[in-house]
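Residues per chain, in single letters:
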Amino acid sequence: AGAFTYAPLTGCSPLTVSFNATTSNVPSIIWDFSDGHTSTVSFTDTISHVYTLPGAYVPKLILSDGTGCQNSSIGTDTIKVDLVTAKFTTDPNPVCIGDTFTFVDSSTSFWSTINTWNWSINGNSSSIASPSFFISGVGTYPATLTVTDGWGCTATLIKDVTIYDLPVIKACPD
């Protein structure tokens, strides 16, 4: 027979979870982490696993008696792994010289909502969801967005914003 515990149950990707089995008269065990990965046959009752993809996972302990017979024990708690992805666009797009532009946040979180924004571009910063900026010179400027969700998971994106010159219009005489 066998039972097992694991912790932590929630966290940000990559999440390392420690597993501990209580087994008796079991020569070998296999851990099924419920994310497409299993351990090799093990003779130890403790192991850790790193969950890299967001989702909900219920692990399983597969017990073998050495004769080919197997039994399994399914976990009693769900492991929840969160992942935040930072994304944004500008409005207008493209940005021309003389335009005030707004960053439009399109960041995502798997389990929670984004609740903190930190923007910076060309020495200016803001902590609101969709701030507006004005840059007076033509060129390419790196913009940085760092977002945090309700679980405390964070992501950062550095993306270039290009300020274009206005087109030159030439009129020909009639």
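Thresholds, definitions, all that
- Residues numbered from 1 in each chain as written.
- Predicted model: local features only at pLDDT ≥ 70, side-chain atom pairs only at ≥ 80, totals over all residues.
- Heavy atoms only, no water.
- Core = buried A, V, L, I, M, F, W, Y, C linked by side-chain atoms within 4.5 Å.
- Buried < 20%, exposed > 50% of the residue type's maximum accessible area, 1.4 Å probe, protein only.
- Helix = DSSP H or I, 4+ residues; strand = E, 2+ residues; numbered from the N terminus.
- Contact = heavy atoms within 4.5 Å.
- Pairing = 2+ DSSP bridges.
- Axes fitted to C-alpha atoms, helices over the stretch in contact; angles between N-to-C directions.

Counting 20 residues, the largest nonpolar core has Phe101, Phe103, Ile121, Val147 and Val161 as its most contacted members. Going through the elements one at a time, strand 13 (100-105), strand 15 (114-121), strand 18 (139-149) and strand 19 (154-164) are the ones with two or more residues in this core. Beyond its immediate chain neighbours, meaning those up to four positions away, Val147 contacts Val84, Ala86, Asp105, Ser107, Ile114, Thr116, Trp117, Cys153, Thr154 and Ala155.

We now examine the sheet that holds strand 13. Strand-to-strand pairing in sheets goes through backbone hydrogen bonds, with the strands running parallel or antiparallel. Spatially, the three strands line up as an open sheet ordered 11-13-17, and their pairing is antiparallel. In this open sheet, the two strands that pair with only one neighbour each are strand 11 (88-91) and strand 17 (132-134). Strand-to-strand twist in this sheet, taken as the mean axis angle between neighbours without regard to direction, amounts to 30°. With three bridges connecting them, strand 13 and strand 17 associate as antiparallel partners. Bridging from a neighbouring strand, Phe101 pairs with Phe133 of strand 17.

With respect to the element layout, Ser73 can be found in strand 8 (residues 70-74). Each C-alpha atom, one on Ser73 and one on Ala3, is 6.4 Å from the other, the two residues being 70 residues apart in sequence.

Moving on to unusual backbone geometry. That bond from Ser13 to Pro14 is cis: its omega, 0°, falls within 30 degrees of zero. Turning to its location among the elements, Pro14 is positioned in the loop between strand 2 (10-12) and strand 3 (15-23). With omega at 5°, the peptide bond leading from Asp91 into Pro92 counts as cis. Its location among the elements puts Pro92 in the loop between strand 11 and strand 12 (95-96). The phi dihedral of Ser34 is positive, around 75°, even though this residue is not glycine. Structurally, Ser34 can be placed in the loop between strand 4 (28-32) and strand 5 (46-51). The phi torsion at Asn122 lies on the positive side, around 50°, for a residue other than glycine. As for its position among the elements, Asn122 is in the loop between strand 15 and strand 16 (124-126). Judged by its relative accessible area of 45%, Asn122 is partly exposed.

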